[in-house]
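# Structural overview for review
One letter stands for each residue in the lines below.
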Amino acid sequence: MRAYLKQPLVISTLVALLCGLLSLARPLDQGYWNTRYRFGQKPAPQSVVLINMDAEISGSDRQTARVLQAVAAAQPAQVYLDRKTNAASPELQNAIDRLGNRLRLVVRYAKQDTFEEAYITLPPPAIVPRSRIVASGWITNFWRYGVSTAATARVGGVTYPMLGSALAGRLGEADEEIRPDFAVDPRTVQQIAAERLLASRSAGAALRGKSVILKEPRSGPGVLVGYFSHGRIDPVYLDIAAGEALKNGDTHSIDWLPLIAAFAAIMFAVKRIAARRLRRAAYVVAGLGLLVGPALLDHIGITSNPSASLVGLTCFVAIKLWSKWQTQVLQTSRSGLPNFVALTEQPLPGQHDVIIAIVGRYEEIMATLPGDLHGEFARQIARRLAVGCGARHIYHGEGGLFAWIEPTRSLEQHIDNLEGLRSLFAAPLLVGKHVFDTNVHFGLERNHELDAVTRVNTAVASATEALKHGRTVEMFEAKRLANAAWELSLLARIDEGMRNGDIWLAYQPQWDYHEARLSGAEALIRWNDPVRGPIRPDEFILQAEQAGRIDALTYWVLDQAISAAERFNAFGPRFQISINLSAQLVDKPSLISSVADIVRRRGIDCRLLTIEVTETAGMCNRPAAIQNLMKLRAMGFRLSIDDFGTGEASLSYLAELPSDELKLDRRFVSKIVHHERERHIVASTINLAHALKQTVVAEGIEDLSTFELLRQLGCDVGQGYHISRPETLDQLIARYAALTKQGSTKLKSC
Ligand code: C2E
Ligand code: MG
Ligand code: MG
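Since the model is a prediction, treat every value here as computed from it, not as a measurement. (Residues numbered from 1 in each chain as written. Chains lettered and ligands numbered in written order. Predicted model: local features only at pLDDT ≥ 70, side-chain atom pairs only at ≥ 80, totals over all residues. Heavy atoms only, no water.)

## Let's talk about the coordination of the magnesium ion (ligand 2)
Of the protein atoms, only E522 (OE), N580 (OD1), E612 (OE) and D642 (OD) coordinate the magnesium ion (ligand 2), at distances of 2.0 to 2.3 Å. Within one chain, the residues serving as donors to the magnesium ion (ligand 2) are arranged as E-x57-N-x31-E-x29-D. The metal-metal distance between the magnesium ion (ligand 2) and the magnesium ion (ligand 3) is 4.0 Å, with D642 coordinating both. Taken together, the residues E522 in strand β26 (residues 517-529) and D642 in strand β30 (residues 638-644) connect sequence positions 120 residues apart. Taking the relative accessible area as the measure of exposure, D642 reaches 7% and is therefore buried. (Donors = N, O, S within 2.8 Å, 3.2 Å for Na, K, Ca; no water. Helix = DSSP H or I, 4+ residues; strand = E, 2+ residues; numbered from the N terminus. Buried < 20%, exposed > 50% of the residue type's maximum accessible area, 1.4 Å probe, protein only.)

## Quick word on the environment of Y32
Note on placement: Y32 falls in helix α3 (residues 26-36). Its relative accessible area of 14% is what places Y32 among the buried residues. For the pair Y32 and R392, spaced 360 residues apart in the sequence, the C-alpha separation amounts to 49 Å. Excluding its chain neighbours within four sequence positions, the residues that come into contact with Y32 are L291, V292, P294, A295, P306 and L310. Among the polar contacts listed, one links the side chain of Y32 to the backbone oxygen of L291, at a separation of 2.5 Å. (Contact = heavy atoms within 4.5 Å. Polar contact = N/O pair within 3.5 Å; in protein donor to acceptor, adjacent residues only side chain to side chain.)

## Considering the coordination of the magnesium ion (ligand 3)
Coordination of the magnesium ion (ligand 3) by the protein involves D642 (OD), D643 (OD), E699 (OE) and E699 (OE), with metal-donor separations of 2.0 to 2.7 Å. Of note, the magnesium ion (ligand 3) draws all its donor residues from one chain, in the sequence arrangement D-D-x55-E.

## Structural notes on the pairing of strand β20 (residues 401-407)
Across a regular strand the side chains alternate sides, sitting on one face of the sheet and then on the other. The buried fraction of β20 is high, at five of seven residues. For strand β19 (residues 395-396) and β20, the ladder comprises two bridges, and the chain directions are antiparallel. For H396, the partnering residue across the bridge sits in β20 and is F402. Where β19 folds back on β20, the antiparallel hairpin that results is connected by four residues, among which G399 adopts a positive phi of roughly 60°. (Pairing = 2+ DSSP bridges.)

## Comments concerning the sheet that holds strand β18 (residues 352-359)
Read from one edge of the open sheet, five strands run β19-β20-β18-β23-β24, paired in mixed fashion. Of all the strands in the sheet, the pair left with one neighbour each is β19 and β24 (473-475). Note that β18 and β20 share seven bridges and pair antiparallel. By the bridge assignment for β20, I355 is matched with W404. The sheet contacts of helix α15 (residues 374-389) involve β18, β19, β20 and β23 (440-445), and relative to β20 the element is tilted by about 20°. Running over the sheet, helix α17 (residues 452-468) touches β18, β20, β23 and β24 and is turned about 140° from β23. (Axes fitted to C-alpha atoms, helices over the stretch in contact; angles between N-to-C directions.)

## Thoughts on the site of ligand 1
Around ligand 1, the surrounding shell holds 22 residues, and the nearest of these are Q508, R526, R666, E702 and Y721. Contact distances for ligand 1 include 3.0 Å between a nitrogen atom and a backbone N or O atom of I525. A distance of 3.1 Å separates an oxygen atom of ligand 1 from a polar atom in the side chain of D538. Across the complex, the protein chains shield 84% of the 790 Å² of accessible surface that ligand 1 would expose by itself. Its atoms largely coinciding with the cavity grid, ligand 1 occupies the largest pocket. Those elements that place two or more of their residues in the shell around ligand 1 are β26, α20 (537-546) and β30. The element best represented in the shell around ligand 1 is β26, accounting for four residues. Grouping the amino acids of the shell around ligand 1 by side-chain chemistry returns eight nonpolar, five polar and nine charged. (Near = heavy atom within 4 Å. Areas by Shrake-Rupley, 256 points an atom, 1.4 Å probe, with all protein chains shown as cover. 1 Å grid on protein atoms, 1.4 Å probe; cavity = no way out; pocket = protein on both sides within 12 Å on 5 of 7 lines; lining within 4 Å. Sits in = over half its atoms within 2 Å of the grid points. Nonpolar A, V, L, I, M, F, W, Y, C, P; charged D, E, K, R; others polar.)

## Description of the packing of helix α2 (residues 8-21) against helix α12 (residues 307-330)
Where α2 contacts α12, the axes come no closer than 8 Å and their chain directions differ by 150°. By the angle class used here, α2 and α12 are roughly antiparallel. For α2 against α12, the interelement crossing comes out right-handed. Contact residues: P8, L9, I11, S12, V15, A16, C19 and G20 in α2; A308, V311, G312, C315, F316 and I319 in α12. Broken down by class, the residue content of the contact of α2 with α12 amounts to eleven nonpolar, three polar and no charged. (Parallel < 35°, antiparallel > 145°, perpendicular 65-115°, else oblique. Left-handed = near helix turned anticlockwise from the far one by under 90°.)

## Digging into the packing of aromatic side chains
Going through the model one piece at a time under the given rule, you end up with 21 aromatic pairs. For the pair F263 and F316, a centre-to-centre distance of 6.4 Å together with 80° between the ring planes defines the contact as edge-to-face. Placement of F263 in helix α10 (residues 256-271) and of F316 in helix α12 is noted, with a sequence separation of 53 residues between them. Here the two residues F263 and F316 agree in accessibility, since each one is buried. (Phe/Tyr/Trp six-rings, centres within 6.5 Å; stacked < 30°, edge-to-face > 60°.)

This is how it looks when you write it as structure tokens:
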């Protein structure tokens, strides 16, 4: 029953009934009819002529009598004296008498909202017999617009016809209601000024055989009556319009209730049409019918108050549009499945976990599948998921994401279920004629205290992670949420760190075996975050690279390294500073101009700087990278291949990249003392590098035996904790200065 009450048609019918009962929508009627009569107006009947007496003429019996005489001379069919005539001078009486039966006296209701006789005053019978009296009065609406009159008026037990009925030549039934034909344009009623009639006899020619109304001037709010689409005018025009309506047959009116019934019946009938397109068309036709229907009925003399049914119609259309919009917002259009907005719209039920399934290669499949099958593909996945997990609703997000909620259970149970669910996707999906292998990964979210949107988003992040790492399920831990905020603002923090000194450069010295002295240092970035403590360079450099924001950091390092090179070289012997260049940046078109700007500004001899390049997948455009490296070398920089031996293409690097130095990775170096294999690799790499005229730097020398063995193998330069750990610039300079002063840059142990 309650569901029934929620139906759009029931709601709109109830609203319409309420509006009808409380007359709430009456302004709509007023607007409707005012608008309707702005169009399709017709000229007033030629059989009626209005003689307008001004205040002077109508205020004088003598003048009125003269007008009556002029009218009588023109031989009209009927004369209506529409003037307050409670007494008549002999002259006027004489004119009235001479017209005899052809004259009728119009008496008007003093108050027009009711037809009670208290509001009408009859002239003394001596002026005209009762049989020659016609009445006029109008029932008005809230805005004092005339809407209807009765066919007759009863005064003192006697019934008098109304002026409208008389003009139509009909004496209606006592209880008959007459509604004017507002299509009659009151501006087209034939009119002659009484003055003109008195001045020229020929003016009366137009009156022959007509119904002539001699009208006194009338004005004022209580007297004038509204006439749809023409504002307030003299009520005589309503009488003329009423006469016209009666000439066309009886007038009828329908109140709001039957129209609401019609609305409900029509819409109910349309609703039952099964074919969607046909139903839509029928709704449009029915809506238009309800809108223009009252105007068409009016054409055949049936007047109505369509406001309440129009309210019903508007309400119905509004609910339909709203629910359509809701459907669009809450459903993923192609699949017709509810989307994530629908899932997160309300708080999730307590003790339920959110599970997101992400379909691997979804976008690829979409790209190969015709557009009309996209929805079917998504629905098939949803069906398989629903079968496997038993959820009532599977929500479909963008990009191959599906979500549902499940009562909380142990993690093991969840993982078991999801493994089972995953195996359901071992069988390929058949969409139309297309067969697809798919796999799904899951994100699980169990932080019940979080809001629905955050829970779904975090589950999506977990599912994406699971897909990325090829795992069945990934669970989002609350502590990662705190990290996520930090990670997301990392770049702003890097900028801040460079400004306030949280980010700084450590320098690790390098030992020249041939000259037996400290000959250089590698600049290594450090970050001491006040909240998180020291952050490893690998960690934030990777993120800065991924966000495409490594540039600022690298140029800052270069600038700092130049300062360090200047300070070290001030002592005399040549001192080389190495910096690391991100592979992300090596192939960037802007690299050379940015570096050149810094070099120009700082006026440094580029030969004092070594640029280390690591081979990573980050280098996308190898020809551009080689071009850039050649340009850097042409500027004077030394180039070094860092971590040599770790990347897949180390040898091809060596063949392609212009370089001066090769840095043996510490993973080999650290093993040379105890592992023959690594020792051979390092020994032959040193020979290879020398053959290619490269300087060989060994990094990661942690003990004396490794240090000495490398010397025997012919290594040129050594770097590692055995020589020195990375330290601050000031520490290293102080040590270097002390050693230089002693005339030796030898470290104690070396
Ligand atoms: P890398 O360029 O290969 O730097 C050498 C790394 O080995 C440094 O780690 C250094 O502290 C460490 N190391 C040096 N001697 C020893 C040793 O005897 N034993 C051991 N176990 N380790 C040693 P760090 O400073 O953590 O840097 C790691 C990586 O971060 C660097 O590897 C480099 O690829 C990157 N990195 C550091 N600074 C920068 C920078 O300014 N820009 C860029 N793009 N990358 C940088
Ligand atoms: Mg390095
Ligand atoms: Mg290295």
